[in-house]
Structure formats: structure tokens, C-alpha cells
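The chain contents come next:
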Amino acid sequence: MLDFYIIKDDQAKPNAPKQAELEFAGGLDDKTFDNLQNKGIIDRRFDFYSDFRLDTALIRQIRQTISRKQLQYDVDVKKLNQLFDIADKRQCGLIAYGD
């Protein structure tokens with residue numbers, strides 16, 4: 001599972017989410033993550049098994065890609081959008097920790 005946590009854009013990257021007491025936003029399984037990459041929603045530079053960050057600007061860009069490709073109703077995209085909605089409500093980005 002790839003776990004996503006809420007993080008402010010200007011906040012330094014912690015080594016682990018518990019160290020920074022980050023709020024858990026949700027997760028994606030490897031199949032969903034692969035599907036999102038195959039659909040061109042998540043860039044191939046991001047790896048399921050490593051940590052990465054999506055700041056608010058990148059989330060906005062991914063949402064534009066989703067809209068442009070008209071994938072708003074795709075099952076995998078809906079899972080990702082749930083994470084984005086949580087981050088948007090807090091005006092923050094997301095940081096992912098792979099296990």
C-alpha cells in the first residue's frame with residue numbers, strides 16, 4: 001500500500017510520517033497506482049515503492065490532466081481524487097510513503 005499524508009507545501013520532508021505527526025489521507029494499492037500511470041495520470045518518475053511528494057501546484061496540474069482526458073468518472077481516478085479532495089480542503093499537498 002502507498003500511504004498518503006497531508007503536508008504543507010513549505011514544510012520540510014520528514015523521514016517518517018509519525019515523526020512529523022502528519023495526518024493520514026488514505027492510500028492506493030499497487031494495481032490502482034499502475035493503472036493511473038498507464039492512463040497517463042501519474043508520471044512514471046514516481047515509484048510505488050519509494051517516497052514522493054505532490055505539492056498543491058502538481059495536484060492542480062494532475063487534475064487538469066484528468067479533466068483534459070475526461071477521466072473524472074474512472075474508478076482509479078476517483079480514488080486519487082478522494083486523496084486530492086482531502087488535501088485541497090486543508091490547502092496542502094500530499095506526501096506518499098511506500099512500504
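Caption draft 1: Inspection of the overall build of the chain at higher detail. Of regular secondary structure, the chain possesses four helices and four strands. Element order for the chain, N to C, with α for helix and β for strand: β-α-β-α-β-α-α-β. Radius of gyration (C-alpha) of the chain: 13 Å, near the 13 Å computed for a compact globule of 99 residues. Once the C-alpha set of the chain is aligned to its principal axes, its extents read approximately 35 × 25 × 20 Å. Per-residue burial over the chain gives 42% buried out of 99 residues. Across the chain, every contact between residues at least 6 apart in sequence was considered, and the portion connecting residues at least 24 apart equals 67%. Accessible surface, the chain as shown: approximately 5,900 Å² in total, 45% of it carbon and sulfur. In the chain, the 16 positive side-chain charges and the 17 negative ones have mean positions that sit 5 Å from each other.

Caption draft 2: Molecular detail of helix 2 (residues 30–38). Every buried residue of helix 2 is listed here: Thr32, Phe33, Leu36 and Gln37. Projected onto a plane normal to the axis of helix 2, the buried residues spread over an arc of 135° and lie on a single side. Among the exposed residues of helix 2, those pointing more than 90 degrees away from its buried face are Lys31 and Asn38. Buried residues along helix 2 sit against strand 1 (2–7), strand 2 (24–28), strand 3 (52–54) and helix 4 (75–89).

Cut-offs applied
Residues numbered from 1 in each chain as written. Predicted model: local features only at pLDDT ≥ 70, side-chain atom pairs only at ≥ 80, totals over all residues. Heavy atoms only, no water. Helix = DSSP H or I, 4+ residues; strand = E, 2+ residues; numbered from the N terminus. Rg over C-alpha atoms; globule rule 2.2 N^0.38 Å. Buried < 20%, exposed > 50% of the residue type's maximum accessible area, 1.4 Å probe, protein only. Contact = heavy atoms within 4.5 Å. Areas by Shrake-Rupley, 256 points an atom, 1.4 Å probe, with all protein chains shown as cover. Lys, Arg positive; Asp, Glu negative; His and termini not counted. Charge placed at Lys NZ, Arg CZ, Asp CG, Glu CD. Arc of directions from axis to C-beta.

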